[in-house]
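Read off the chains here:
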Amino acid sequence: MRRRRAKLPMILSGALLTLVTPVFAQGPVHPLMTPEAILAATANFHNCLAALWPLAQKRGVSLRTFEFATRGLEPELKIMELLDAQPEFTRPVWEYLDLLVSDERIQTGREVVARHRAVFDAADRAYGVDRYVIVAIWGIESKFGSLAGERPVLRSTATLACIGRRQNYFRDEFLSALEILERGDVPAADLKGSWAGAFGPTQFMPTSFKRYAVDFDGDGRRDVVNSIADVVGSTANNLKRTGWQPGSTWGYEVVLPQNFDFLLADRAIRKTLAEWERLGVRRAGGKPFPRPIDQASLLIPAGARGPAFLVIGNFRVIMRYNPSEAYALAVGHLADRIRGGDPIQQVWPRQEQILSRTERAELQERLAVLGLYRGEADGRLGAGTRAAVRDFQARSGLVPDGFATLTLLERLRRTR
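Residues numbered from 1 in each chain as written. Predicted model: local features only at pLDDT ≥ 70, side-chain atom pairs only at ≥ 80, totals over all residues. Heavy atoms only, no water.

### Comments concerning the nonpolar core
Alright, step 1. With 91 residues, the main nonpolar core has Leu-178, Leu-239 and Trp-348 as its most contacted residues.
Alright, step 2. Looking at which element gives the most residues to this core, the answer is helix 18 (residues 325-339), with nine residues.
Alright, step 3. Those residues in contact with Leu-239, other than ones at most four positions away along the chain, are Val-129, Val-133, Ile-134, Ile-137, Trp-244, Val-317 and Tyr-321.
Alright, step 4. Core analysis: the next-biggest nonpolar cluster, separate from the first, contains 16 residues, Ala-265, Trp-276, Leu-298 and Ala-308 among them. (Core = buried A, V, L, I, M, F, W, Y, C linked by side-chain atoms within 4.5 Å. Buried < 20%, exposed > 50% of the residue type's maximum accessible area, 1.4 Å probe, protein only. Helix = DSSP H or I, 4+ residues; strand = E, 2+ residues; numbered from the N terminus. Contact = heavy atoms within 4.5 Å.)

Next up, the structure:
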């Protein structure tokens, strides 16, 4: 066994380089994601797993369960290519919404609501969470169960617990997956999901399952794979316990006035809907805001020339399910469409050339040189990067909408 592990880098090096080359071509490489680091971690994989046994034992996992789960387990190196390729962070927001808020998902979502009305009624009484948001998460996460994933959760989480840049995070996920097996909530054969270890129609990570899964059908198991009642109840419980406000929506599409101050488009800035109205912000379609006292932030995911949204507290709750503004916007909008709401009325700036990951990282590096950005140059355009872009735009006499385009990057390249 030792000889086999010692030879592993030589055996896998060619295949591994083929697997991870696309990742390296896209931008800066984390030290734990270099070919050398991945090869070394792969060679040490079985030692890494063995070292997790004391931690599993402390969580009440039996040796029998641990050995059953780890016997013959090998890492899946393809996952290294997927680690930084989530579509909510790599696609333009309009392409992401085109993909997920489709006519097919809208129609299927309506059928799901009708088919399982009794379960949703019970979840409404127990948790007070909007059923259309639960259905939208179901539709976006797994296309209503048809794309829930076929990768063994144990293999995925074990791979990521021992190889790559997020080992600390995924170590907890792997140990939590072992606890699920120990309790018997989900049969081992059904514990399959995404490359990251999320499983079931609404894609619970093992740690989220531990915190939020409920036995909503009363059969003694929290089975978020095979029981629709447990899927709906557990997803509702997740949203409720992370702050969902009953009777409130996620947000509204809005129209901004001429000469609007785009420095206000910051999730850290919150005003009541009534205060936004006094600044000239109007709900798209001319409808009134039903709860003018709700606190809201302005989101302009594609800059000044794209649609604008006022997002309230429940939008942030959806982001706790998946920390992406594009994801939360897709969930909120799909929920509205399933309910019978209108498409987004304003036009996306589809003509804009969106930055590649390498270009996004370069943008962050150039903003850092100017003292405007203090985060990691990871190519992921979060709130910190947008704030830095706004600052640069403001000092350059541009509309400070925080939207990173190739034109903006070229201007940064000319800035000394």
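Here the narrative resumes.
### Thoughts on the pairing of strand 3 (residues 251-255)
Alright, step 1. The buried fraction of strand 3 is high, at four of five residues.
Alright, step 2. In terms of strand pairing, strand 3 meets strand 7 (residues 308-311) through four bridges, oriented antiparallel. Of the residues in strand 7, the one forming a bridge with Tyr-252 is Leu-310. (Pairing = 2+ DSSP bridges.)

### A look at the state of the cysteines
Alright, step 1. Summed over all chains, the structure comprises one disulfide.
Alright, step 2. Linked covalently through their sulfurs, Cys-48 and Cys-162 form a disulfide whose S-S length is 2.0 Å. Across the disulfide from Cys-48 to Cys-162, rotation about the S-S bond amounts to roughly -85°, and the bridge is consequently left-handed. In this pair, Cys-48 is assigned in helix 3 (residues 45-51) and Cys-162 in helix 12 (residues 153-162), connecting sequence segments 114 residues apart. Residues Cys-48 and Cys-162 agree in their burial class; the two are buried. (Disulfide = S-S within 2.5 Å.)

### Quick notes on the pattern of salt bridges
Alright, step 1. Scanning the entire structure with this criterion turns up 23 salt bridges.
Alright, step 2. In this structure, the salt-bridge partner of Asp-266 is Arg-390, at a minimum N-O distance of 2.9 Å. With Asp-266 in the loop between strand 3 and strand 4 (271-272) and Arg-390 in helix 20 (residues 383-395), this residue pair connects regions lying 124 residues apart in the sequence.
Alright, step 3. Looking at Asp-266, the relative accessible area reads 23%, which means it is partly exposed.
Alright, step 4. Classification of Arg-390 by relative accessible area gives buried; the value is 5%.
Alright, step 5. Residue Arg-291 pairs with Asp-294 through a salt bridge whose shortest N-O separation is 3.0 Å.
Alright, step 6. On the basis of relative accessible area, Arg-291 is assigned to the partly exposed category, the value being 33%.
Alright, step 7. Connected via shared salt-bridge partners are Arg-59, Asp-172, Glu-179 and Lys-210. (Salt bridge = Lys/Arg side-chain N within 4 Å of Asp/Glu carboxyl O.)

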